[in-house]
Amino acid sequence: MRIAVCAPQVPFVRGGAEIFSERLVDELRKREHEVELVTVPFKWYPGERVLTQAFLWRLLDLEEADGAPIDLVIATKFPSYVIRHPNKIVWLLHQFRQAYELDRTELGQFDESAEGRALRRAVQRLDRVALGEARKLFATSANVADRLERSTGLPAEVLPHPPQELPYRCDEYGDFVLSVGRIDRAKRVELLIDALGADASLRCVVAGEGPERDRLERLARERRLNGRAIFAGGVSEQELADLYARCLAVYYAPVDEDFGMVPYEAFLAEKPVVTTTDAGGPLEVVGNRETGLVCDPTPTAVAQAFAWLRDHPDETRAYGRAGQRAAKQLTWDAAIDRLLA
Amino acid sequence: MKVAYYSPQPPERSGIADYSALLLPALAERIDVDVVGRRSRRQRRRADVSLYHIGNEPEAHGWIVEALRRRPGIVVLHDFVLHHLVAGMTLGRGDGGGYLDAMQREAGPVGRMLAHGVIDELLPPLWEDRAVEYPLAGEVLVSANGLIVHSAYVERLVRDSGYREPLWRIPHPAWPAPAEIASVELPEGRTIIGCYGHLNPAKRLPQLLEAFALLRRRVPEALLLLVGSLSPGLELEPVYDRLGLRPGDDVIRLDYVDEARLLSACEVCVNLRYPTMGETSGIVVRALSLGRPLLVSDVGWFAELPDEAALKVPVGEGEIPAIVDALELLLRDPALRRRMGDAARALAQGEHRLERVAEAYVAALEEAAGGVMVQDAVLGEMARAAAETGLAANGRALSDVAERLREVGPGR
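Keep in mind the model is a prediction, meaning the values are calculated, not measured. (Residues numbered from 1 in each chain as written. Chains lettered and ligands numbered in written order. Predicted model: local features only at pLDDT ≥ 70, side-chain atom pairs only at ≥ 80, totals over all residues. Heavy atoms only, no water.)

This part covers the pattern of salt bridges. Across all of its chains, the model carries 68 salt bridges over all chains by this definition. Note that A:Arg58 and B:Glu407 form a salt bridge whose closest N and O atoms lie 2.8 Å from each other. In this pair, A:Arg58 sits in helix 2 (residues 49-59) while B:Glu407 sits in helix 15 (residues 396-408), so the two residues belong to two different chains. Note on A:Arg58: relative accessible area 2%, which makes it buried. One continuous salt-bridge network, built from bridges that share partners, spans A:Arg97, A:Glu101, A:Arg147, A:Lys187, A:Asp256, A:Glu257 and A:Asp258. (Salt bridge = Lys/Arg side-chain N within 4 Å of Asp/Glu carboxyl O. Helix = DSSP H or I, 4+ residues; strand = E, 2+ residues; numbered from the N terminus. Buried < 20%, exposed > 50% of the residue type's maximum accessible area, 1.4 Å probe, protein only.)

Here it is, written out as structure tokens:
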């Protein structure tokens, strides 16, 4: 089959979504499909730009390329699924969350003016039409599927995907907590920094880049954490695998996250995950006292969770290994079989 | 966002007043609502959008149509056939010219001639039995920037009439089922079929009575309970005599019983209708909330009720035998009644859930209040990009762009 995988790109930003789409292309190619990744830059502000940029996808003609038909498009996240194609499948990473559950929160975008409110509704209408056209709808987690059904009435099959390929291993349960991912407000790395403030014996390494990095580094200095929080920036795959291999456990507590590959990555390195009760998607993966710890989203609770893991090495190892068993069940073979069925 | 809200209000006895009494508190939890009363008839504060509830009753809705004419806004169209309303607002106020104009707009010279015939008393009033042919909804639609309707049936009628402005289909909200319901004193050992509401020929009362008389031969324990005011000119006694029905034994008629009490006493709720003015039925929605199986006519909004909750009978040919068969089926099969009651309750708690309906209203009002600004902003940006690259706004190259925009959002 000739397949176009559609994904938006935010220039100079790379995260889980980008890794996912590239991997999907690779995996489809391995199965002898002719596959191309189609991307369009996306800027969602100010004002109506969220709509005009989304409409760019609608103007693309992917029914054929260079005279040959494209049999299938697989769209991933807003606004790539606005693409028009008779055989459109959506494997939804997330909708434009500012128009839904993040509205009227500090992570929201639309103001209270009549235009702001109508703009939000226009995004919702766009979703209903564009997602409603899909021949099949998959969501990467039950959290994403629930949000989709609540907001549009459209049901989606839950189809998680395996994490990125790294040379995963476990060398030790070391003396630091690892945070992996883009450093923005939604990922809530600040809570981890605050937890370090609550427990002077706790250390962490924050791997990743993002708009919040400078502020959080400043915050760590102000809190006089004295080098206990290390901001490693963007790291190579090898460096990331090393960090996973050596850490005590992994912190992953975004606000109502869609899915998040980080817990599965941690599990493949036999490391338990600490997350919070309001983290959304990760709660489908992290079982409290099974594959990690689920605690309240407070600095003290997070600090206590890591201290408990440090003080209970047998349980820490057991949770990590249980996570590894769960993560190994996620395979690209199974995912692609369902996707193309 | 501020909304100016025009509607009949309790204690006016109207289905739309009851509707607003149910909806308003849920709306007010979500947006700033300024309720404009019949007496004030004027908005107290500047609103982002005005919402007008319009039905077919001139006394209840005439002042709302006048307000709509002064300040166009979003209309909740509770009936599609508004002939009675328009006649009341024109002929009822001595404005024969207004009625002539309305009929001409609706049906051209023929309409004007018919209106003359009515004014000169050469023809019977059209609103009595030909209103469906001449609904006169155009009087309201022309001032409506957008419409809220309750059924696909009315949506289709509106679109077929040429209305092109935004339209939202929002189900009738359901009343919460009361925690405790006092019982109605009725003869014991009888299976009760309830028919509730203003009793007029459009409720198919003659057909229902005839069917019930036949049903009594097959199911002697059946009892028909008729509750509601009787339409002038509709006399039941001669019909009872002709059909051999004994009032007080086979048929009990009451002027008023609290709806919840009545419905809870019924095994089956009957709500037949023809012709339909495009209305929904508050009593049907109440029956859904209380988990009562329904028998309705297969017309208009009633036809859209799911088969799992409502049996439907045709109007006209075959109507009476179909009513008899449907009632017999329901009365003889308690398991079926239970299943249908469960489906009815699920429908009330799902599609008709008050919070869901209120959210849909807020979405529609937000789209209406700022939608044009969003549309202008989006199209403006597209047009600027086209102009900068030398594409004429009315050129063929842009027609494809416009078509794609229309498919997913603010195109025009």
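Structure shown, so let's carry the discussion forward.
Another aspect to go through is the interface of chain A and chain B. Taken together, the contacts link 24 residues of chain A with 22 residues of chain B. Counting each side, the surface lost to burial between chain A and chain B is near 2,100 Å², with a carbon and sulfur contribution of 60%. In terms of surface lost to chain B, no three residues of chain A exceed A:Phe55, A:Leu59 and A:Arg121, which account for 28% of the buried area on that side. Between chain A and chain B we count 6 salt bridges in total. Taken together, chain A and chain B are joined by 7 residue pairs in polar contact (both at pLDDT 80 or more). For the side of chain A that touches chain B, the secondary structure elements donating two or more residues are helix 2 and helix 3 (114-132) of chain A. Here the side of chain A that touches chain B takes 12 residues from helix 3 of chain A, the largest share from any one element. (Contact = heavy atoms within 4.5 Å. Buried area = accessible area lost by both parts, 1.4 Å probe. Polar contact = N/O pair within 3.5 Å; in protein donor to acceptor, adjacent residues only side chain to side chain.)

Residue and element names in this part refer to chain B. Overall, parallel pairing links the 6 strands, which are arranged 2-1-3-4-5-6 in an open sheet. Each of the sheet's edge strands pairs with one partner strand only, and the pair in question is strand 2 (32-36) and strand 6 (167-169). Looking at each pair of strands side by side, their axes are set apart by 25° on average, direction ignored. Here strand 1 (residues 2-6) pairs with strand 2 via 5 bridges, running parallel. By the bridge assignment for strand 2, tyrosine 5 is matched with valine 35. (Pairing = 2+ DSSP bridges. Axes fitted to C-alpha atoms, helices over the stretch in contact; angles between N-to-C directions.)

All names here are of chain A. Spatial strand order, 2-1-5-6-7-8: 6 strands in an open sheet with parallel pairing. Of all strands in the sheet, those bounded by a partner on one side alone are strand 2 (34-41) and strand 8 (157-158). In this sheet, strand 8 lies alongside strand 7 (residues 136-139) in parallel orientation, the contact comprising 2 bridges. Each bridged residue has a counterpart across the sheet, and for alanine 139 the counterpart in strand 8 is valine 158.

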